[in-house]
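Chain by chain, the residues:
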Amino acid sequence: VQLVESGGGLVQPEGSLRLSCAASGFTFSRYAMSWYRQAPGKGRDLVAAITSAGDITNYAEAVKGRFTISRDNAKNMVYLQMNSLKPEDTAAYYCRVVYGIDYWGQGTQVTVSS
């Protein structure tokens, strides 16, 4: 199993970023996927999750209405569209799948600062 995140970077407050996670090594279309984030000195928290078919999503309260999780099962990709970014969204963002055990990507850094 391999998860590779990309799309992070430095963005100004109220800006947008789209994170991508490329998955391989398992039958992607059969598994729910999720995004987590970890700010310096803090634990890793759930940001958003999506069912295998992409028909049900859920979000942390802090990002509801600003972030959108989606997936493309034909491309084995999961995305996180982040709008109206705030400095408190600064964190390393990780893609996760539970395929017997937890698998995580290496993370992509998002920094929101003027």
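Structural data are supplied above this passage.
Below: a short report on this structure.

Scoring rules and cut-offs
Residues numbered from 1 in each chain as written. Predicted model: local features only at pLDDT ≥ 70, side-chain atom pairs only at ≥ 80, totals over all residues. Heavy atoms only, no water. Phe/Tyr/Trp six-rings, centres within 6.5 Å; stacked < 30°, edge-to-face > 60°. Helix = DSSP H or I, 4+ residues; strand = E, 2+ residues; numbered from the N terminus. Buried < 20%, exposed > 50% of the residue type's maximum accessible area, 1.4 Å probe, protein only. Lys NZ or Arg CZ within 6 Å of the ring centre and 35° of its normal. Core = buried A, V, L, I, M, F, W, Y, C linked by side-chain atoms within 4.5 Å. Contact = heavy atoms within 4.5 Å. Pairing = 2+ DSSP bridges. 1 Å grid on protein atoms, 1.4 Å probe; cavity = no way out; pocket = protein on both sides within 12 Å on 5 of 7 lines; lining within 4 Å. Points joined across faces, edges and corners; volume = space filled by probe spheres on them. Nonpolar A, V, L, I, M, F, W, Y, C, P; charged D, E, K, R; others polar. Disulfide = S-S within 2.5 Å.

Some remarks on the packing of aromatic side chains
Phase 1: Under the criterion given, the structure shown has 7 aromatic pairs.
Phase 2: Centre to centre, the rings of Y36 and W104 are 5.0 Å apart; their planes meet at 75 degrees, and the pair counts as edge-to-face. Taken together, the residues span a long stretch of sequence, with Y36 in strand β4 (residues 33-38) and W104 in strand β10 (residues 101-104) at a distance of 68 residues.
Phase 3: Residue classification places W104 among the partly exposed residues on the basis of a relative accessible area of 31%.
Phase 4: Following the ring pairs from residue to residue traces out a cluster consisting of F26, F28, Y31, Y99 and Y103.
Phase 5: The ring of F28 has R71 sitting right over it, with the charged end atom 4.3 Å from the ring centre.

Side note on the nonpolar core
Phase 1: M33, W35, V78, L80, M82 and Y93 are the most contacted members of the largest nonpolar core, which has 27 residues in total.
Phase 2: Those elements giving two or more residues to this core turn out to be β3 (17-24), β4, β5 (44-50), β7 (67-72), β8 (77-82), β9 (91-99) and β11 (108-112).
Phase 3: Residues in contact with M82, not counting those within four places in the same chain, are G15, S16, L17, L19, R66, F67, Y93 and V110.

Regarding the side chain of S20
Phase 1: Residue position: S20 is located in strand β3.
Phase 2: Leaving out residues up to four positions away in the same chain, S20 has contacts with V4, E5, S6, W35, M77, V78 and Y79.

Here's the deal with the pairing of β8
Phase 1: Burial runs high along β8: 5 of the 6 residues are buried.
Phase 2: Note that β3 and β8 share 6 bridges and pair antiparallel. In the sheet register, L19 faces β8, and the bridge partner there is L80.
Phase 3: Note: β7 against β8, 6 bridges, orientation antiparallel. Of the residues in β8, the one forming a bridge with S70 is Y79.

Some thoughts on the layout of surface pockets
Phase 1: The space that makes up the largest pocket amounts to roughly 200 Å³.
Phase 2: Taken together, 15 residues line the largest pocket, and the ones lying closest to its centre are R37, A39, K42, D45 and E88.
Phase 3: Here the element with the most residues in the lining of the largest pocket is β5; it accounts for 3 residues.
Phase 4: Taken together, the residues of the lining of the largest pocket sort by class into 8 nonpolar, 3 polar and 4 charged.

Side note on the state of the cysteines
Phase 1: All chains considered together, the criterion is met by 1 disulfide.
Phase 2: Each sulfur of the disulfide joining C21 and C95 lies 2.2 Å from the other. Every disulfide takes its handedness from the sign of the S-S torsion; for C21 and C95 that torsion is -85 degrees, giving left-handed. Here C95 lies in strand β9 and C21 lies in strand β3, a separation of 74 residues in the sequence.

A closer look at the environment of M82
Phase 1: Along the chain, M82 falls in strand β8.
Phase 2: Residues M82 and V63, spaced 19 residues apart in sequence, show a C-alpha to C-alpha distance of 8.5 Å.

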